[in-house]
Each structure stands twice: as structure tokens, then as C-alpha cells.
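# Summary of structural features
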Amino acid sequence: MRSYAQLALAGFRRYSNYRQAMFAGLAANVMFGLLRTAVMIAVVGAAPVAGYDVPAAVAYVWLGQGLLAFVQLWGDARLAGRIRTGDVVVDLYRPWHLQAALFAEDVGRAGFSLFVRLVPPVLVGALLFPFQWPEVAAWPLFAVSALLALVVSFGLRFLVNATAFWLLDSRGVESFHVVATSAFCGLGVPLSFFPDWAQDVLWATPFPAIIQAPIDVYLSHDPQWTALGHQLFWAVVLSVAGHLVLQRAVRKVVVQGG
Amino acid sequence: MGDRIYPKLVAARLRGQMSYRVSFALECLGQAFAQAIELVVILVVFSRVDALGGFSASEVVLLYAFAGTAFGIADLVAGQLNELPDYIRTGKFDVLLLRPLGTLPQVMASDVRLRRAGRVAAGIITMAFALTHNDIAWSPWTVLLVVVTPLAGAVIFSAVWIVACAVSFWLVEAQELANAVTHGSNSFTSYPITVYSGWLRRFMAFVVPGAFVAYYPGLALLGRADPLGGPAFLGWIAPLVALAAACVAGLVWRFAVRHYRGTGS
Amino acid sequence: MIEVRELCREFAVTTRTGRFRRTRRTVRAVDSVSFDVAAGEAVGYVGPNGAGKSTTIKMLTGILVPTSGHVRVSGVDPSRSRRELTRRIGVVFGQRSQLWWDLPLRDSFDLLRAIYRVGAADYARRLRECVELLELSGFLDRPVRQLSLGQRMRGEVTASLLHGPELLVLDEPTIGLDLESKERLREFLADLNTTRGTTLLLTTHDLDDIERLCPRLVVIDRGTVLADGPLEELRAEVAPERVLVVDLEKPADPLGDLAGVVAVRSELGGLRQHLTFRRDETTAAALIAAVATRAEVHDLVVEEPEIDDVVRRLYARR
């Protein structure tokens, strides 16, 4: 367990080296936040829509802008790259569980982006626009929900990367993952704006667990326990699936020598 | 550009890409899908409200289609500039400097991401839909406007792309900043500029001349007056704005490369 | 062919001195360097890492603009007439490729032909020569990404010669190559220089490159020229010692008393001995004969001073 904590710390430090990139990313988040806020205010400004008034819509936009970096919504292809080059063999023969190790590192990365990419945009939104703060009781639930969002996001990214064990070039799958996640997670428009049937379909996928669920928990929309339950369910399913996939992949690498 | 060098470079890139067929097809589809998703967002919004910034659903879809098509073309032509930080880091840019051609066209032709064609296709289909669902007074002039607008928009977006990416010569790690400007201007132009306000509108509509990608030509096509009081001729000058933007981009690029060769790595 | 006078190049370097504080200072990577290369010469431009070699090369090829000083390459100012210069010179970077990664080698050549607008007849002739001399025919149709480093390097050299340059600049051309590839490349370059009169300027870490190719050496360190002259002269002047390493059949006492030996280092209890001798006092052959009278020799090798060693001595001497 200690070694995983070390890995998390290393992840934190690794990302803190890319300051320029972090600040550029923050500026990008804020820029999109401003654009999205304008559109959302135009939508809900006259009358609340589907439970969103202006302060709630502003909070929705800026939390989304912050969370997308925290959960690394656009994906990462580092593991896929290591699989393609064959370097992954080194990773597989280390005395760790690769999935757990990568998750530990991701927690470190997320920890760093919490300070640079999640909190600052939320503060910018709160300073510039009417902003809804959560009820006191919602804070700890939001923290849990954000962490579960990270687990689900990591679980999806791990599975997508792992396809590289079987596909020569997994970039197609990766780009599909990015598109599907950003479409169905509730980033563009709150999922409650969708027609009821579409909401049912969307909530049957893991994607809302990444952005919409933590925001719902924060805004105390709907029973918070259903959002958290949805997240927990997918966190477990994806983690187990990742474990099984990794097992098969290891067998493949060991038998076929990569 | 009079000779056949650039077509040759582009053709070479296409041959290279075709060696990964499945991935190519998936990415092409993914791009079309991505473009469609943004349309879904607009439609979902309009399932809850009747107007946005004073514009109806079919009008906003028209603006979005103009913007999306123009952005798709620009991505096809100028999207390779996203690789510039990598070129600078690995010294590939130096290799370009060792050839008897300009660096900007070389970078732009260094890869043609044909998969972005998916985005253009989705944009054109949406445009066809929007054109048939709006009340447009068809004349040779409006037809010309429909053809020219996405092209002028593509030039404007490409210019924005060049300027944004030229920042890499100073800040090698700041690619996301460039993305914010390029993709941000795409998002901005997909909605009527009446939705925005203050300095954000002034900056994105006129400094980055985003208002000329879809908004003003769209007004002219729909025969609507500008709710913000802009004169009617603004709808017809997008090609001039595009030309000016391209000149500025060329100058900025020259300045940036001069800085690179002066400061180096 | 190359004319360099008082060439300087400064860089601004920012270093993080505190958690948030950064200081900017100016570093002179190249500090009033002057030298000339006549048409038809082959010159080695050497120095340790960070000496300013690459910076000089970049200024000679028009990639970087000098801070001050005067450069003429092939009659033009590289920084002002970059495009014109590129048609007259060829450049090979050992660690950067000018080939198209996922295309067959032949396609890369074809593209370069279009870029440099080489006439069909000239192109065919030059390509035929290179294919023949560098033995490219076996992998001309293979994508560059599948080539071995040695094959790729031969492709790079060909690529830089297709437009018939009068000067070929090579930055570490043999780095990472196996012995056979190195040898083949050297042979080709030597031939290019002597029979076709192409001027060569190369930077390298490998003394053998210099020995095979370059009658003349320009040594640079910390941005300034330390020496300029024939290799033999430099070596005799600053590093007159060579080392004979002998492996003996049986351990023996140190053989430091042999004529001409100035130092001895004994390893493995006397089984291996490093005998440093002065080339002006004895020859390797004489010394080997002398050793053989004292002990049975199992194996031996004569070591030349490394290029870095020569440079270090040159530097220490100042």
C-alpha cells in the first residue's frame, strides 16, 4: 500500500512539472467557461429550465469545466503508447498490479489538477456570475462523488488503452471514447434538459457518472443517493472489467511474447 | 505554389495514412459524430426554449452549420499546426528550414488529416437541412453567399489557427491555449453573437473576426436586420475580412519564425 | 566555400532560482569563431558536447541567425538567403530525419526531387550513383520506419545529395551506427569528396570519422576555436602519447622500464598492463617486440587518445 501512495505522490509531482501546460489548460478552461456561461444564461435567463435557474446553471458550467480536467475527460493514450512500443512488458513484470499502479498515479495527477484546474475555474465562475453554493451537507457527498467520477473515468480510459493489446492501432477507439464521453457525460448541456426517454438511456451508461453525477450531488438535484449509487455501480463494474481484461492481456503477452 | 509540390506532399501524406485503414475509418466516423453531437446540444436546448438570443432553432442551426463546415475545412487544411510544438521540440522544424520552401505551407502540408472530412461532411449535411428549413429569398447572390461563406469562414479559422499556434514558438507547452482559441472560436461562432456580451463578444466577434464566419452572412441570407444595429453590408464582406485575417496571420507567422531563428532552441 | 568571421551567438537562459523567482542571463554558445573552408576541402568540426558545434552548424545552414559576426556559405548570407542556400548545400542530421516516416524510401526521394525541382536526368543520374555506391537497391521500396538505422542513414545521405549540392554538412552522421555501416558511409563520403569534389564539413565524436575523412580539424570548446589544423599535427602536439594494452599469458611485474614507456598501469595482478608511450620516442611495433622478450603476449591493442581527450588537453594548455 505504501508503494501506491508513493506512486500517487510521484504522479502529483510529475504533473506539477508541467506548469506552463497547466496554466495554458486553465486559461482554456476559463475561456470555454465564459462562452458556455453566456449560452446557458441565454437559455435559463428568462425562466428556470429543468431545475436550473441562473445560479445553478453557472455552477453547472464551471464545475463541469473544472471536473473535465480533474477526471481527464479527453482521455490519455500513454498506456496504449507503451503497449504499441512494447515497453509495457517492463510495466507488467514489476511487482505491482498495473491497474492499481496506474490508478495511484492518476490520483496524484488529479490531486494536482484539483488545485490548478478544478478550484480556480470554479472561483472564477463564482466571482464573475451569480453562483449557487451547495448546502453544507452536500460538501462531503460531493467529495465522494468527485472521487467516484475519477474512478469511473479511469476505468473507461484503462479499458480503452487496453484495446491496444489486441488492436495494432487503438487511436480509432480512443477518438470514439473521447467523443462518446464528452457527448454523454452531461458536459454540453445538463442531461435533465434531454427528453425523458433519452435521459433513461443516458443514465444506463457509465458516462453521466463522470460529470453530471457529481454536479447533481453538488446542486442537490434529485436524490443524491441515486447519483452516488450509479457511480458506485459503474466504478465497481469498470474496475473489475479492467482487472479481467488485464489478466487476459498478460496471458496474451506471456504466451505470444507481445 | 504554382507548381505541383504541395499537391505531391499532400498526396504523399494521404498514402501514408491509408496504411491504417480501420483506424482511419473509425476516426472519420468519430469526427462526424462529434460534429453531430454539438447539433444535438442545440436541439436539446431548443426543446426547452423557443429562442436563443432572439433566434429560432432553424436559424441557430444554420449558423452552426456554417461554422461547423468552415471549421472542418480549416481543420483539414491547418489542423496540422497543432503538431508545431512537437516539431519544435524534436528539431523537425529545423529540417523544414533546410528546404527551399516556406515553412508555413510545409507545416500545413506535412499532414492532411483527411479523417476531418467526416466533420465537413456532417457540416454540409446540416447546412442542406438548415437551408431548406429557413425562409430564404433565393437569388444568384444568396446562392453565392451560401457557397462563399464556409470558404471565407475556413480562411478566417485557418488564420486564427496560425496565429494561435505561432505562440508555440514562445511557449512550447502551451498547446491547450491555442486549442482554446481555435475550438473556442468554433463554439463562439456556432451561436448568434447576441448570446454573448461585453468584452467577450467584442473580442471574439471582431478581434478574432468570428462574427463574419456565420453570424453576419447568416443575417444577410435570412434577410434579417442585425439586432445589435450593425449595417447590412457586414453580411457580404466576409471574404474581405478573411483576406485581411490571412494577411495578419502571414505576418504573425513571419514574425514568429524570425523570433525562432533569432532565439533558437 | 565557407567564410566565418567573429561569429557570435547568444541565448537567453532562464533558470529557476527560487520557488517562483526566475533569473535570465545571457549565455554565449558561440564566441567569435572564425575559420574558412575552401572548395573541395573536408573539414572535421569537433568538440565536446555543448561546445557550440550544433549552434555553429545551425548558423551556417540558415536555421539560426547569428547575434553578430559574418558568415558566407557558398557565396550567400545564410540567414538572409535561406532558400537560395538550401539549393546549394546538403545537410544531414544524424538524429533528425528528413525522410517521410511511413512512405517507401523511393517516395521520399521523389518528393525531395519535386521540392528542389531537380531535372529528371540529373535526378536519375544522382539517384543511380547513390543506389549503386550506398547499396540501397535492397530496401528502396520499404517504408522508412522499417529500415535499420544504418539503412536509414544511407537514405538520409542520398536525400541530401539529390539536388547536387556543392557543400555537404553532416552533423554526427555516424552516431549509433554499427561498424560496417560506419565504414561503408565513410568510404562513400571520402569518395564523394575526392572524386566529385564535394566540400564536406562534419561534426563528430568519432575520431575514426576524422581520420578517414578529414585532413583538417577545427576544434571548438565553450564556444571558441581552440585549434585549427591537420589531425596528426594536433595529436602529435598535444597528445603525443599512445597506450599499448597487453594481456599476458601469465602475470608479470609491471613493464614500466621498457624504452619509451612513460607510465604503466597494471590490472588483474599483472595479467593486463596499460603501457603509455611517446610516439616520438618509440613505435608501437618496437614496443610490442620489447614486451614479447619479457613475457608471453596473449592479446594486445593500441589505443589512440580519444577526441575528447585531445580537446581536453588543448583546453588545459591554454
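Keep in mind that what you see is a predicted model, and the values were worked out from it rather than measured.

### Side note on the side chain of arginine 119 of chain B
Residue and element names in this part refer to chain B. Turning to its location among the elements, arginine 119 is positioned in helix H7 (residues 117-132). Overall, the relative accessible area of 8% leaves arginine 119 in the buried class. Not counting residues up to four positions away in its chain, the partners in contact with arginine 119 are Gln31, Ala32, Ala34, Gln35, Glu38, Phe71, Gly72 and Asn186.

### With respect to the domain arrangement of chain C
The figure often quoted for interface size is the accessible area lost as the parts come together. All names here are of chain C. As assigned here, chain C comprises domain 1 (2-236) and domain 2 (240-317). Centre-to-centre separation of domain 1 and domain 2, based on C-alpha positions: 36 Å. With 14 residues of domain 1 at the contact, the number on the domain 2 side is nine residues. Counting the surface domain 1 buries against domain 2, the share from its top three residues, Leu207, Leu226 and Arg235, is 41%. There are zero salt bridges connecting domain 1 and domain 2. At the surface where domain 1 touches domain 2, the tally comes to zero residue pairs in polar contact (both at pLDDT 80 or more). Residue assignment for the side of domain 1 that touches domain 2 shows that the elements contributing at least two residues are helix H7 (207-213), strand E8 (216-221), strand E9 (224-230) and helix H8 (231-238). Here the side of domain 1 that touches domain 2 gets three residues from one element, more than from any other, and that element is H8. Of the residues contributing to the side of domain 1 that touches domain 2, the split by class is eight nonpolar, two polar and four charged.

### Details of helix H7 (residues 138-162) of chain A
Over its 25 residues, H7 of chain A runs 35 Å from end to end, which matches the ideal 36 Å to within 8%, given 1.5 Å per residue. Within H7 of chain A, 19 of the 25 residues are buried, which leaves it mostly tucked inside the rest of the structure.

### Observations concerning the pairing of strand E11 (residues 261-267) of chain C
The pairing of E11 of chain C with strand E12 (residues 272-278) of chain C spans six bridges and is classified as antiparallel. By the bridge assignment, arginine 265 of chain C is partnered in E12 of chain C with histidine 274 of chain C.

### Examining the sheet that holds strand E13 (residues 297-303) of chain C
Residues and elements named next belong to chain C. What the four strands build is an open sheet, ordered E11-E12-E10-E13; its pairing is antiparallel. Here the strands that pair on one side only, and so sit at the sheet edges, are E11 and E13. For this sheet the average axis-to-axis angle between neighbouring strands, irrespective of direction, equals 20 degrees. With six bridges joining them, strand E10 (residues 241-248) and E13 adopt antiparallel strand pairing. Directly across from valine 245, in E13, lies its bridge partner valine 301. Against the sheet, helix H9 (residues 284-294) contacts E10, E11, E12 and E13, and its axis sits at roughly 30 degrees relative to E10.

Criteria and cut-off values
- Residue positions are given per chain, counted from 1 along the sequence in the order it is written.
- Each chain takes a letter, starting from A, and each ligand takes a number, starting from 1, following the order in which they are written.
- This being a predicted model, a pLDDT of at least 70 is required before a residue's local features are given, and a value of 80 or more before pairs of side-chain atoms are given or counted; all residues contribute to the totals for chains, interfaces and linings.
- To obtain the side-chain values, all non-hydrogen atoms of the structure were used and water was disregarded.
- Under the scheme used here, helices are H or I runs from DSSP no shorter than 4 residues and strands are E runs no shorter than 2 residues, and both carry numbers assigned from the N terminus.
- Buried means the residue's accessible area, taken with a 1.4 Å probe over protein chains only, is under 20% of the maximum for its type, while exposed means over 50%, and partly exposed covers the values in between.
- Two residues form a contact once any of their heavy atoms are found within 4.5 Å.
- As used throughout, domain bounds are those supplied by an automatic or database domain assignment.
- The quantity reported as buried area is the accessible area (1.4 Å probe) lost by two parts once they are put together, taken as the sum for both.
- The salt bridge definition used is simple: a Lys or Arg side-chain nitrogen within 4 Å of an Asp or Glu carboxyl oxygen.
- Nitrogen and oxygen atoms within 3.5 Å of one another constitute a polar contact, given that in protein one can donate a hydrogen and the other can accept it, and given that sequence-neighbouring residues count only through two side-chain atoms.
- Note on residue classes: Ala, Val, Leu, Ile, Met, Phe, Trp, Tyr, Cys and Pro are nonpolar, Asp, Glu, Lys and Arg are charged, and everything else, Gly too, is polar.
- By this rule, a helix spans an expected 1.5 Å times one less than how many residues it contains.
- Strand pairing is assigned whenever DSSP identifies at least 2 bridges connecting the two strands.
- To get an axis, a line is fitted to the C-alpha atoms, and for a helix only the part in contact is used. The angle between two axes follows their N-to-C directions and goes from 0 to 180 degrees.

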